[in-house]
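Here are the chains, one letter per residue:
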Amino acid sequence: MKIVLLLLLIISSILVYAEFTGSIEDRSPEIDLNLTVLDASAVAEADSLALLGDVAVIDKSDEGKYSKAASTGPSLLVVRDPMTGKYGTSDGGIIIRTRESESLSAIAADYGLDLKHEFSALPMGVLMPKNISAAASVLTTLRADSRILSADLDVNFYDARAN
């Protein structure tokens, strides 16, 4: 009887933990295509949703108020962590881990992606879509590929504390 109760307690604990943490995809940063980043010094405080280092997160509908001089250079995606609500940025790179025998170059070629970086010690690398706004759909497709163990958006989150 004690064993049955112990097993029930363990199973219920696992179920509660699994529901609390959710799937990896549910906890992955979410790309918000309605937001963009500009040089923080050029953005009015009222338009800034968050400061990420030297850039400010703004709604794309407000982007027209600012000159191209406020551009941050290369395009960045704005992402939000669903667990913490923190904003971050991504260049659209996708960090993937493959099975030992799989070729990262072959996977990149199959999906029309560029190989940005390949790690030497692990079967991992960073793949780039040609159009960064397609990163979310590419990520979903890569996660379904049996040759890939994990695929996650390469995101930089920023600590809001002063140095």
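Residues numbered from 1 in each chain as written. Predicted model: local features only at pLDDT ≥ 70, side-chain atom pairs only at ≥ 80, totals over all residues. Heavy atoms only, no water.

Structural notes on the environment of M128
Tracing the backbone shows M128 in strand β9 (residues 124-128). Under the relative-accessibility criterion, M128 is labelled buried at 15%. In sequence terms M128 and I94 are 34 residues apart; their C-alpha atoms lie 6.3 Å from each other. Excluding residues that lie within four positions of it along the chain, M128 makes contacts with D91, G92, G93, L113, D114 and K116. (Helix = DSSP H or I, 4+ residues; strand = E, 2+ residues; numbered from the N terminus. Buried < 20%, exposed > 50% of the residue type's maximum accessible area, 1.4 Å probe, protein only. Contact = heavy atoms within 4.5 Å.)

Notes on the environment of T89
Mapped onto the elements, T89 comes out in strand β6 (residues 87-90). Exposure remark for T89: the relative accessible area of 3% places this residue in the buried category. Measuring from C-alpha to C-alpha, the distance between T89 and N156 comes to 5.4 Å, with 67 residues separating the pair along the chain. Every residue in contact with T89, bar those within four places of it in the chain, is listed here: V37, L52, L76, L77, V79, D154, V155, N156 and Y158. Within the structure, the side chain of T89 is placed 2.9 Å from the side chain of Y158, a separation counted as a polar contact. (Polar contact = N/O pair within 3.5 Å; in protein donor to acceptor, adjacent residues only side chain to side chain.)

Brief notes about the nonpolar core
Grouped together as the largest cluster of nonpolar side chains are 18 residues, with contacts concentrated most on I94, I96, L127, L142, A151 and L153. Secondary structure elements with two or more residues in this core: β5 (77-80), β7 (94-98), α3 (104-111), α4 (135-143) and β10 (148-153). Here this core gets four residues from one element, more than from any other, and that element is α4. Sequence-distant contacts of I94, defined by excluding residues within four places in its chain, comprise G125, V126, L127, A135, V138, L139, L142, A151, D152, L153 and D154. In this structure, L35, A50, V55 and V78 belong to the second largest nonpolar core, which totals eight residues. (Core = buried A, V, L, I, M, F, W, Y, C linked by side-chain atoms within 4.5 Å.)

A word on the sheet that holds strand β1 (residues 30-31)
Reading across the sheet, the four strands line up as β1-β5-β6-β11 and stay open at both edges, with antiparallel pairing between neighbours. Two strands close off the open sheet at either side, each with one partner strand: β1 and β11 (156-157). Sheet topology note: the β1/β5 ladder contains two bridges and is antiparallel. Residue I31 lies in a different strand from β5, and its bridge partner there is V79. (Pairing = 2+ DSSP bridges.)

Digging into the sheet that holds β9
Read across the open sheet, the four strands follow the order β8-β9-β7-β10; overall the sheet is antiparallel. Of all the strands in the sheet, just β8 (114-118) and β10 have a single pairing partner and so form its edges. Between one strand axis and the next, the sheet turns through 25° on average, direction left out of account. Inspection of the sheet shows β7 paired to β10 by five bridges, in the antiparallel sense. (Axes fitted to C-alpha atoms, helices over the stretch in contact; angles between N-to-C directions.)

Side note on the packing of aromatic side chains
By convention here, two paired aromatic rings are described through the distance between centres and the angle between planes. Considering all chains together, one arrives at zero aromatic pairs under this definition. Here the guanidinium or amino end of R80 rests over the ring plane of Y87, the centre of that ring lying 4.3 Å away. (Phe/Tyr/Trp six-rings, centres within 6.5 Å; stacked < 30°, edge-to-face > 60°. Lys NZ or Arg CZ within 6 Å of the ring centre and 35° of its normal.)

Shape descriptors only; they carry no functional weight alone.
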